[in-house]
Amino acid sequence: MTSEISLSPIAVLEQATRLLYANRLVDAEALFWQVLRDHPHNLEALHSLGFMALKRGQAEAALSLLEQALAAARSAPDSAALASRQGTILANCGQALQQ
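Overview of the structure. (Residues numbered from 1 in each chain as written. Predicted model: local features only at pLDDT ≥ 70, side-chain atom pairs only at ≥ 80, totals over all residues. Heavy atoms only, no water.)

### Brief notes about the environment of L13
Operational definition: For the purposes of this entry, the term helix denotes a DSSP run of H or I that reaches at least four residues, the term strand denotes a run of E that reaches at least two, and both are numbered from the N terminus. Only protein chains enter the accessibility calculation, which uses a 1.4 Å probe; a residue whose area is less than 20% of its type maximum is buried, one above 50% is exposed, and one in between is partly exposed. Contacts between residues were defined by any pair of non-hydrogen atoms, one from each residue, lying within 4.5 Å.
With respect to the secondary-structure elements, L13 resides in helix α1 (residues 9–21). Judged by its relative accessible area of 7%, L13 falls in the buried class. Placed 32 residues apart in sequence, L13 and A45 show a C-alpha to C-alpha distance of 7.2 Å. Residues within four places of L13 in sequence aside, it is in contact with F32, V35, N42, E44 and A45.

This is the structure we're talking about:
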């Protein structure tokens, strides 16, 4: 009999972020998607996946994820700072879509 340990979304996000910074992108992406399965409006997961998609040149996917993150950010306490950062990334998506 195997027992599965269920990590909190915060712990999963922390692990995904560590993997992202360690350039283990496939592993990080899988964990961010795992968070979104249970918490579809998770701001950090949406933002990170959008950023990763943009870096891979998937501008349309990045735009969709980042727009979802912006919608989720409207209720976040630090939404002004996040909106500014998201705006910069969305501008890059627009440039990538035009190419």
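More follows now that the structure is in view.
### Describing the packing of helix α3 (residues 43–55) against helix α4 (residues 59–73)
Quick note on the threshold: In this analysis an axis means a line fitted to C-alpha atoms, helices contributing only their contacting stretch, and an angle means the value between N-to-C directions, from 0 to 180 degrees. Angle categories are assigned with fixed cut-offs, so that under 35 degrees is roughly parallel, over 145 is roughly antiparallel, 65 to 115 is roughly perpendicular, and the rest are oblique. Two helices that cross are described as forming a left-handed crossing if the nearer one is turned anticlockwise from the farther one by less than a right angle, and a right-handed crossing if clockwise.
Between α3 and α4, whose axes approach to 8 Å, the crossing angle comes to 155°. One way to sum up the angle between α3 and α4 is to call them roughly antiparallel. The two elements α3 and α4 cross, and the hand of that crossing is left-handed. For the pair formed by α3 and α4, the contact residues are L43, L46, H47, L49, G50, F51, A53 and L54 on the first element and A61, A62, L65, L66, Q68, A69, A72 and A73 on the second.

### With respect to the pattern of salt bridges
Selection rule: By definition here, a salt bridge exists when the distance from a side-chain nitrogen of Lys or Arg to a carboxyl oxygen of Asp or Glu is within 4 Å.
If you walk through the whole model with that rule in mind, you get 2 salt bridges. We note a salt bridge from R24 to D27, for which the minimum N-O separation is 2.8 Å. A residue is classified by how much of its surface remains accessible, and R24, at 45% relative accessible area, is partly exposed. Using a relative accessible area of 34% as the deciding quantity, one classes D27 as partly exposed. Among the salt bridges present, the one from E29 reaches R56, with a minimum N-O distance of 3.4 Å. Placement of the pair is E29 in helix α2 (residues 25–38) and R56 in the loop between α3 and α4, with a sequence separation of 27 residues. A relative accessible area of 42% means that R56 is categorised as partly exposed.

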